[in-house]
Amino acid sequence: MAVIPTVTGLSTGARLLSVPRTLATAAIASPSSLSLNKGYHPVQRRITILPVRKLVIRAARIESKGVSLGFRAPNFELLEPLTGKVWKLDDFEAYPALLVMFICNHCPFVIHLKKDIVKLSNFYMKKGLAVVAISSNSVVTHPKDGPEFMAEDAKLFKYPFPYLYDESQEVARDFGAVCTPEFFLFKKDGRRPFELVYHGQFDDSRPSTNVPITGRDLSLAIDCVLSGQPVSSTQKPSIGCSIKWNPGGKQ
């Protein structure tokens, strides 16, 4: 009897699945084996066992899109699971620039960059940049992205920025975020609201490539903002896993 598994597509991470293809040895009666004197002796017919095959299921990739430069930073009020503090957009009012990152715990694109995101944030926060990270993934479909695990992640990687939980997913919708990681860099001129000047990638590195992580694209944009220079409007979109929306909810 053939063993045929059901393979379900995964939205996060490439995974190798060993698919059993072994066919059971069949006992088949041969006409010559039927005898009134000797009884019924089935002849064993040997069937070739096929080798195990491995199916590679790729992560669902999506690009950041749909948000125009000049877009004003939406207000938010979100909990930081690590400290229990509630953060608002107003908390960053005194800073000349604000980097908002949509990330999560499990996404391989985020995991690929985590340590370097911390390095970049530590470097530029000393120069006056405000940084905040937000996780909007559904805990119904991805419980490991929930607040308890967010706190553990923030502690493990020593996040220098608040890592906030967007339980309702309304903040992700307000920003127009669609993937993790996704980067929004805002600048502030005096009392004017924060305005979006960069909505692009960290750099060209991806988990599936050997391209080194440099943070070049995002760093150049931050350097321009902090030095009062215009940011180039030519920006490569960030690529990552899609945000995991709550089942049955609006997207």
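About the thresholds
- Residues numbered from 1 in each chain as written.
- Predicted model: local features only at pLDDT ≥ 70, side-chain atom pairs only at ≥ 80, totals over all residues.
- Heavy atoms only, no water.
- Helix = DSSP H or I, 4+ residues; strand = E, 2+ residues; numbered from the N terminus.
- Buried < 20%, exposed > 50% of the residue type's maximum accessible area, 1.4 Å probe, protein only.
- Areas by Shrake-Rupley, 256 points an atom, 1.4 Å probe, with all protein chains shown as cover.
- Phe/Tyr/Trp six-rings, centres within 6.5 Å; stacked < 30°, edge-to-face > 60°.
- Salt bridge = Lys/Arg side-chain N within 4 Å of Asp/Glu carboxyl O.
- Lys, Arg positive; Asp, Glu negative; His and termini not counted.
- Polar contact = N/O pair within 3.5 Å; in protein donor to acceptor, adjacent residues only side chain to side chain.
- Contact = heavy atoms within 4.5 Å.
- Pairing = 2+ DSSP bridges.
- Axes fitted to C-alpha atoms, helices over the stretch in contact; angles between N-to-C directions.
- Expected span 1.5 Å × (residues − 1).
- Bend = angle between axes of the 7 residues up to and from the residue.

*Asks:* Describe in detail the overall build of the protein chain, supporting the description with residues and values.
*Replies:* Summing up its helical and strand segments, the protein chain has four helices and 16 strands in all. Counting over 251 residues, the protein chain shows a buried share of 41%. When the accessible surface of the protein chain is totalled, it reaches about 14200 Å², and 54% of it is carbon and sulfur.

*Asks:* Account for the packing of aromatic side chains, with residues named and values stated.
*Replies:* A full pass over the atoms with the stated rule returns twelve aromatic pairs. Between phenylalanine 175 and phenylalanine 186 the ring centres are 6.1 Å apart and the planes differ by 75°, which places this aromatic pair in the edge-to-face class. Of the two residues, phenylalanine 175 is situated in helix H3 (residues 170-175) and phenylalanine 186 in strand S14 (residues 182-187); the sequence distance between them amounts to eleven residues. Judged by its relative accessible area of 1%, phenylalanine 175 falls in the buried class. Accessibility expressed as a relative area gives 0% for phenylalanine 186, which makes it buried. What links up through ring pairs into an aromatic cluster is the set Phe76, Trp87, Phe92, Phe102, Phe175, Phe184 and Phe186.

*Asks:* I'd love a proper account of the pattern of salt bridges, names of residues and values included.
*Replies:* Side chains carrying opposite charge are able to pair once their charged atoms draw close together. In total, this model carries six salt bridges according to the counting rule given. Measuring nitrogen to oxygen at the nearest pair gives 2.6 Å for the salt bridge that ties lysine 114 to aspartate 153. One end of the pair, lysine 114, is in helix H1 (residues 108-125); the other, aspartate 153, is in helix H2 (residues 147-156), and 39 residues separate them in sequence. Across the pair, aspartate 153 and lysine 114 agree in class, each one buried. One salt bridge connects aspartate 204 with lysine 236, and the closest N-O pair in it is separated by 3.1 Å. Remark: lysine 236 occurs in the loop between helix H4 (216-226) and strand S16 (239-242) and aspartate 204 occurs in the loop between strand S15 (195-198) and H4; sequence separation between them is 32 residues.

*Asks:* Requested: an account of the side chain of aspartate 166, with residues and values cited.
*Replies:* Checked against the element boundaries, aspartate 166 lands in the loop between strand S12 (163-165) and H3. Buried charge aspartate 166 goes without a salt bridge, the closest partner of opposite sign being arginine 173 at 6.8 Å. Separated by 3.5 Å, the side chain of aspartate 166 and the backbone nitrogen of glutamate 170 make a polar contact. Leave out the neighbours within four places in its chain, and aspartate 166 touches Leu78, Ile134, Ser135, Ser136, Val171 and Ala172.

*Asks:* For the sheet that holds strand S13 (residues 179-180), give the residues involved together with the corresponding values.
*Replies:* Spatial strand order, S7-S16-S13: three strands in an open sheet with antiparallel pairing. Of all the strands in the sheet, the pair left with one neighbour each is strand S7 (61-63) and S13. Pairing of S13 with S16 involves two bridges; the strand directions are antiparallel. Each residue of the ladder has a partner; that of cysteine 179, found in S16, is serine 242. Across the sheet, H1 is in contact with S7, S13 and S16; its angle to S16 comes to roughly 130°.

*Asks:* I'd love a proper account of H1, names of residues and values included.
*Replies:* Compared with an ideal rise of 1.5 Å per residue, which puts 18 residues at 26 Å, H1 spans 25 Å between its outermost C-alpha atoms and is within 8% of the ideal. The largest bend along H1 reaches roughly 50° and is located at lysine 114. Of all the residues in H1, the buried ones are Phe109, Val110, Leu113, Lys114, Ile117, Val118, Leu120, Ser121 and Tyr124.

*Asks:* Can you lay out the environment of aspartate 145 for me, pointing to particular residues and giving the numbers?
*Replies:* Turning to its location among the elements, aspartate 145 is positioned in the loop between strand S11 (129-135) and H2. Taking the C-alpha atoms as reference, aspartate 145 lies 7.6 Å from serine 135; in sequence the two are ten residues apart. When sequence neighbours within four positions are dropped, the list of residues in contact with aspartate 145 reads Cys104, Asn105, His106, Ser135, Asn137, Val139 and Met150.

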